Amino acid sequence: MRVLLVVYLILVGAVFAASAQDAPELVLLNTRLETRPDGFGGEARVVTGEIFNHGETAYRNVTIAVEAFNADEELIGEGFGYLVDACGSALLEYDLPPGRTQTFEAPYEIFAAGEAARVETTADAEAAAPASASLAESPLARQIAAGEVVMLEWLDEETLIFGLGCDGAVFTELDWRQYYAPDHALKDIEHPDAHRVTPLMIERSAAAMVTQSGDLNPELYFGSQMTFSPTARRIVYQNDLHSIYSAEPDGTYKRLIHKYLHRHSLRGFLWARDPGAFLAYYYGVYGDPVHYFAAHVDGAMITGLIDSLPPSQTVPGPSPDGVAAVVGRSDGDVSGYFWQTTYGGSKLLFEAELPGNNYPAPIVTLREIYLIRPIEGVPTLQCFSRGTRELSTIGALPLRLTRRSRAWSWLSPKGGALALTANGVDGGLWWVDIGGGCG
């Protein structure tokens, strides 16, 4: 059975009115008209919004058709769209489960003269059984929020902030919330450092400068992955050639950290416990080897250059001082986790089936190494004692990752809890109590 969901956007000056008809189990929310750069110097029209499945069955093959009419009810424009993730990528093989809300985008064109007086959006969907079971509950993990959670910072042992949006987006483009554990309280916030990112600060940092010409291109800032260190004063970011720089919070006193990185795709920064030490890691798509290096925000390299270190199959986890990393790779017939030192030496910690580069990096403390990997297909949290060199299993986690989704984890300041996040259609934030460590 297919259902039709019809929404009319009535254009009266700058005011849009929307109403849904004929499909009470599918509800359109926050529907609006937008214009965006089209890559050819012009603007593209798009209808955006969310579809909420209020029914008891899943819907597959969800498509969105757009028709624009003039004041005489003549068709003057058409378009077509899909459900999308936070990065705007179409979800072509996704079943919208009961109780779930998902974003959609539908570009459309005006092909005849005149102004649109009404834009009609129709969603066509096929009822189906849920594609898979809901995420399994875990006694370890308490879900705090749903959505694509791609950044997180601990403020103290009981308070954290997290950003929802597209993986790879600069932090000022994310929607930020704060969670306070004792009250289980969530609230919308602006990131504490967002006010520091001004046009003058971006210009001073050269994060938006075209290297070859010296011209300013404001769009370059959005690919800079500019990040304020949680443990030191300076910021880190990449320029248009992917060279890594640090600067003062106002963008002044730039220092080049690593260049010749144009062949690599920056995926993020991991901060070591020592103030200002970080690990930058790079890969293209799922299954690619992960390249990395460690440095300090004052401009000093901690490891060798990126091509001097053997790549990892997994995202590396920096040691507390940043001078080593826990990596996952194969050495001959042995596959497992290795202790990779600053100058290229490595030592096997334990053999293991390795996850892909979409799993969280190991978290390394002075006494333990926490890692998340699939065991018989189930994402599982384990703890390796650096003293006894014993590996123990803590328990299963409610992750469901695909080749297009990723997960991250962050240890609280005192080490009593782990924040677990994921993006994609099964994304969210979970609080994991690990007060006992490996014990």
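Here is a short report on the structure shown in this document. Quantities reported herein were computed from a predicted structural model and do not represent experimental measurements.

Some details on the pattern of salt bridges
All told, the structure shown has 17 salt bridges when counted by the stated rule. The closest approach of N and O atoms between E73 and R118, which form a salt bridge, is 2.3 Å. With E73 in the loop between β6 (58-69) and β7 (75-83) and R118 in strand β9 (residues 118-128), this residue pair connects regions lying 45 residues apart in the sequence. Residue classification places E73 among the partly exposed positions, given a relative accessible area of 47%. What makes R118 buried here is its relative accessible area of 14%. One salt bridge connects E248 with R233, and the closest N-O pair in it is separated by 2.4 Å. Placement of the pair is E248 in the loop between β17 (244-247) and β18 (255-258) and R233 in the loop between β15 (227-228) and β16 (235-238), with a sequence separation of 15 residues. Given a relative accessible area of 59%, R233 falls into the exposed group. The network of salt bridges with shared partners includes R32, E34, R36 and E105.

Examining the side chain of S405
Locating S405 in the fold gives a position in the loop between β29 (391-396) and β30 (407-411). When residues no more than four places from it in sequence are discounted, the contact partners of S405 are N358, R400, N423 and G424.

Notes on the state of the cysteines
Scanning the model with the defined rule gives 2 disulfides in all. Residue C87 pairs covalently with C166 via a disulfide, S to S 1.9 Å. Taking the sign of the S-S torsion, about 100° here, the bridge from C87 to C166 comes out right-handed. Of this pair, C87 sits in the loop between β7 and β8 (101-110) while C166 sits in the loop between β12 (159-164) and β13 (175-180), and the two are 79 residues apart along the sequence. You can call C87 partly exposed: its relative accessible area is 40%. Taken N- to C-terminal, the disulfide-bonded cysteines of the protein chain are connected 1-2, 3-4.

Describing the sheet that holds β18
The pairing of strands in a sheet comes from backbone hydrogen bonds and takes either a parallel or an antiparallel form. If you trace the 4 strands from one edge of the open sheet to the other, you get β15-β16-β17-β18, paired in antiparallel fashion. Each edge of the open sheet is held by one strand with a lone partner, namely β15 and β18. Examined bridge by bridge, β17 and β18 share 3 bridges and lie antiparallel to one another. Across the sheet, the residue bridging to Y245 is L256, located in β18.

Focus: the nonpolar core
With 31 residues, the main nonpolar core has V197, M201, M226, I235 and Y281 as its most contacted residues. Where this core is concerned, the elements lending two or more residues are α1 (199-205), β16, β20 (277-282) and β23 (324-331). Within the second largest apolar cluster, 22 residues are counted, among which are L26, Y94, Y108 and V119.

Here's the deal with empty space enclosed by the protein
Tallying each qualifying case throughout the model produces 2 cavities of 30 Å³ or more. A volume near 60 Å³ is recorded for the largest cavity. Residue lining of the largest cavity: L279, Y292, A294, T303, L309, G322, V323, A324, A325, Q340, T341 and T342, and that is the complete set. A breakdown of the residues in the lining of the largest cavity according to their chemical character gives 7 nonpolar, 5 polar and no charged. Empty space within the second largest cavity amounts to approximately 40 Å³. Where the lining of the second largest cavity is concerned, the elements lending two or more residues are β6 and β9. For the lining of the second largest cavity, a count of residues per class yields 7 nonpolar, no polar and no charged.

What counts, and at which threshold
Every chain's residues receive numbers from 1 upward, in the order its sequence appears when written. Only residues with pLDDT of at least 70 are given local features in this predicted model, and only at 80 or more are side-chain atom pairs given and counted; all residues enter the totals for whole chains, interfaces and linings. The side-chain figures draw on all heavy atoms in the structure; neither hydrogens nor water molecules are used. Each salt bridge in this description consists of a side-chain nitrogen of Lys or Arg and a carboxyl oxygen of Asp or Glu lying within 4 Å of one another. The numbering of helices and of strands both runs from the N terminus, where a helix is a DSSP run of H or I of at least 4 residues and a strand a run of E of at least 2. In this scheme, a residue with accessible area under 20% of its type's maximum is buried, one over 50% is exposed, and one in between is partly exposed, where area comes from a 1.4 Å probe on protein chains only. It only takes one pair of heavy atoms within 4.5 Å for two residues to be counted as in contact. By disulfide we mean two sulfur atoms from cysteines, separated by a distance within 2.5 Å. Whether two strands pair comes down to DSSP finding at least two bridges between them. The definition of a nonpolar core used throughout is a set of buried Ala, Val, Leu, Ile, Met, Phe, Trp, Tyr and Cys residues joined through side-chain atoms within 4.5 Å. A 1.4 Å probe that fits but cannot get out identifies a cavity on a 1 Å grid over protein atoms alone, an open set with protein on both sides within 12 Å along at least five of seven lines counts as a pocket, and a residue lines either if it has an atom within 4 Å of a point. Grid points are joined across faces, edges and corners, and a volume is the space filled by probe spheres set on the points. Note on residue classes: Ala, Val, Leu, Ile, Met, Phe, Trp, Tyr, Cys and Pro are nonpolar, Asp, Glu, Lys and Arg are charged, and everything else, Gly too, is polar.

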